[in-house]
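Take a look at the letters that make up each chain.
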Amino acid sequence: APLMERPEWSLSDFEIGKFIGEGKFGKVYLGREKQSGYVVALKVTYKAKLQKYRFHAHLRREIEIQHGLDHPNVLRLFAWFHDAERVILVLEYAARGELYKLLRSVSHFSERTAATYVASLAGALAYCHKKQVIHRDIKPENLLLDIEGRLKIADFGWAVRSNAKRHTLCGTIDYLAPEMVEKKAHDYAVDNWTLGILCYEFLYGSPPFEAAEQQDTLMRIVKVDLLFPKTHDISADAKDLICKLLVKDSSKRISLDDILKHPWIVKNAEPSG
Ligand SMILES: Nc1ncnc(NCCc2cnc(NC(=O)Nc3cccc(C(F)(F)F)c3)s2)c1Br
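Quick look at the structure, then. The shown structure was predicted, so the numbers you read here are calculated from the model rather than taken from an experiment.

## Describing the nonpolar core
Alright, step 1. Counting residues in each nonpolar core, the largest one holds 58 residues, and the members touching the most others are Phe202, Ile259 and Trp264.
Alright, step 2. Sort the elements by how many residues they give to this core and helix H3 (residues 111-130) lands first, with 12 residues.
Alright, step 3. Those residues within four positions of Phe202 in sequence are excluded, and the remaining contacts are Leu99, Leu103, His108, Phe109, Ala114, Tyr117, Val118, Leu121 and Leu143.
Alright, step 4. In terms of nonpolar packing, the next biggest core, distinct from the first, is built from 15 residues, Leu59, Leu77, Trp80 and Ala94 among them.

## Thoughts on helix H7 (residues 236-245)
An α-helical turn contains 3.6 residues, so a residue and the one three or four places further along point in the same direction.
Alright, step 1. The set of residues buried in H7 consists of Ala238, Leu241, Ile242 and Leu245. Buried residues of H7, viewed axially, fall in a sector of 100°; they line one side.
Alright, step 2. Buried residues belonging to H7 abut H3, helix H5 (189-204), helix H8 (256-259) and helix H9 (263-268).

## A few points about the pairing of strand S3 (residues 39-46)
Alright, step 1. Among the 8 residues that make up S3, 6 are buried, leaving the element largely enclosed by the rest of the structure.
Alright, step 2. In this structure, strand S2 (residues 26-33) lies alongside S3, joined through 7 bridges in antiparallel fashion. Paired with Gly31 across the bridge in S3 is Val40.
Alright, step 3. Where S2 hands over to S3, the hairpin turn is made up of 5 residues, of which Gly37 adopts a positive phi near 75°.
Alright, step 4. Two elements, S3 and strand S5 (residues 86-92), share 7 bridges in a ladder whose sense is antiparallel.

## As for unusual backbone geometry
Alright, step 1. Positive phi outside glycine occurs at Ser107, with the angle close to 70°.
Alright, step 2. Structurally, Ser107 can be placed in the loop between helix H2 (99-106) and H3.
Alright, step 3. Phi at Gln132 is positive, roughly 60°, even though this residue is not glycine.
Alright, step 4. With respect to the helices and strands, Gln132 occurs in the loop between H3 and strand S7 (133-134).

## Description of H5
Alright, step 1. Given a rise of 1.5 Å per residue, 16 residues ought to cover 22 Å, and the 23 Å separating the end C-alpha atoms of H5 matches this to within 8%.
Alright, step 2. Directly after H5, the chain includes Gly205, whose backbone phi takes a positive value near 95°.

## Considerations on the packing of H3 against H5
Alright, step 1. Here H3 crosses H5 at 165°, and the two axes come no closer than 10 Å. As far as their axial angle goes, H5 and H3 are roughly antiparallel. Taken as a pair, H3 and H5 cross one another with a handedness that is right-handed. Residues Glu111, Ala114, Tyr117, Val118, Leu121, Ala122, Leu125 and His129 of H3 form the contact with H5, whose own contacting residues are Asp191, Asn192, Leu195, Leu198, Cys199, Phe202 and Leu203.
Alright, step 2. A per-class count over the contact of H3 with H5 returns 11 nonpolar, 2 polar and 2 charged.

## Observations concerning the sheet that holds strand S9 (residues 151-153)
By way of backbone hydrogen bonds, the strands of a sheet pair with one another, either parallel or antiparallel.
Alright, step 1. Spatially, the 3 strands line up as an open sheet ordered S6-S8-S9, and their pairing is antiparallel. Two strands lie at the open edges of the sheet, namely strand S6 (97-98) and S9, each paired on one side alone.
Alright, step 2. Across 2 bridges, S6 lies against strand S8 (residues 143-145) in antiparallel orientation. Counted as the bridge partner of Gly97 is Leu145 from S8.
Alright, step 3. Contacts from H3 reach S8 and S9 within the one sheet, and its direction differs from that of S9 by about 35°.

## A short note on the sheet that holds strand S4 (residues 77-82)
Alright, step 1. Taken in spatial order, the 5 strands line up as S1-S2-S3-S5-S4 in an open sheet, and their pairing is antiparallel. Unpaired on one side and paired on the other, strand S1 (14-23) and S4 mark the two borders of the sheet. Going from strand to strand, the sheet's axes swing by 25° on average, the running direction of each strand aside.
Alright, step 2. The pairing of S4 with S5 spans 5 bridges and is classified as antiparallel. Along S5, the bridge assignment pairs His82 with Val87.
Alright, step 3. Sitting on the sheet, helix H1 (residues 55-67) touches S4 and S5, and the angle it makes with S4 is about 160°.

## What about the pairing of S2?
Alright, step 1. In the sheet, S1 pairs with S2 via 7 bridges, with the strands oriented antiparallel. Residue pairing across strands places Phe14 opposite Glu33, the latter belonging to S2.

## What about the layout of surface pockets?
Alright, step 1. Size it by volume and the largest pocket reaches roughly 780 Å³.
Alright, step 2. Lining the largest pocket are 42 residues, and of these Gly23, Val28, Lys43, Leu91 and Asp155 sit closest to its centre.
Alright, step 3. At the level of elements, S1, S3, H1, S5, S6 and H2 are the ones that each hand at least two residues to the lining of the largest pocket.
Alright, step 4. At 6 residues, S1 tops the list of elements feeding residues into the lining of the largest pocket.
Alright, step 5. Its residues assigned to classes, the lining of the largest pocket shows 22 nonpolar, 8 polar and 12 charged.

Criteria and cut-off values
Residues numbered from 1 in each chain as written. Predicted model: local features only at pLDDT ≥ 70, side-chain atom pairs only at ≥ 80, totals over all residues. Heavy atoms only, no water. Core = buried A, V, L, I, M, F, W, Y, C linked by side-chain atoms within 4.5 Å. Buried < 20%, exposed > 50% of the residue type's maximum accessible area, 1.4 Å probe, protein only. Helix = DSSP H or I, 4+ residues; strand = E, 2+ residues; numbered from the N terminus. Contact = heavy atoms within 4.5 Å. Arc of directions from axis to C-beta. Pairing = 2+ DSSP bridges. Expected span 1.5 Å × (residues − 1). Axes fitted to C-alpha atoms, helices over the stretch in contact; angles between N-to-C directions. Parallel < 35°, antiparallel > 145°, perpendicular 65-115°, else oblique. Left-handed = near helix turned anticlockwise from the far one by under 90°. Nonpolar A, V, L, I, M, F, W, Y, C, P; charged D, E, K, R; others polar. 1 Å grid on protein atoms, 1.4 Å probe; cavity = no way out; pocket = protein on both sides within 12 Å on 5 of 7 lines; lining within 4 Å. Points joined across faces, edges and corners; volume = space filled by probe spheres on them.

In structure tokens form, the structure reads like this:
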């Protein structure tokens, strides 16, 4: 049966290939399903590392969320299974790996590349939000690239299905929206803020509110202390979009749909996304 249908998988159904990445709580390997020859990514998490997690509930929620999502820019999570000591996720394989490694290797992206990724993210997040899913942990580490270089949002390990306001503080601090830093109620608009952080980071190579101490980063976030250093002369359109996303009042941030109509995106993003 194809990947999606098999009721119970086990590691013996797969040939384990090379190490391809290190994720939250575990390592990721290339895998090939023996019967179909289908190539996947296998994320192996040791249960010992998950004590404080009620990982069954966590994974069940992640699977449910992922099963409900079918979008070209969302990484598929086909199934999960576990043995005595490990939990294994069977994932779509993104052959060009982690976007942040590409970003570090080229130091910063061109405006066309950055705009293409921002457009893909806006499309994927608009789709997720219509499905009442907030990812909440969008950061370069959770963005992957498939064989064609197309962006894939991964790791819905922190995602929630939500039509109410959320209060859980999660995610890497550079990407936290002010309302999360101030522990106010937050909603979908946190992903819009994060998109602004990412757009800046794609163009400059580091996030806008980075500081030596975590406390300083949090202060810069709540002040929206946004600077465009002269090191890179980015276009006025790019600055305009970033300023429309990094707005303290979450209700005033440009919507995901309007991002796709913004001049910077229209002029620079590749249609294939
Ligand atoms: N080239 C590649 N191609 C495909 N994937 C790659 N890396 C894996 C990306 C992921 C996708 N989804 C994930 N989800 C989770 O990790 N969930 C998660 C997280 C914490 C705890 C738990 C739990 F086990 F405790 F529930 C579950 S990681 C790479 Br590199």
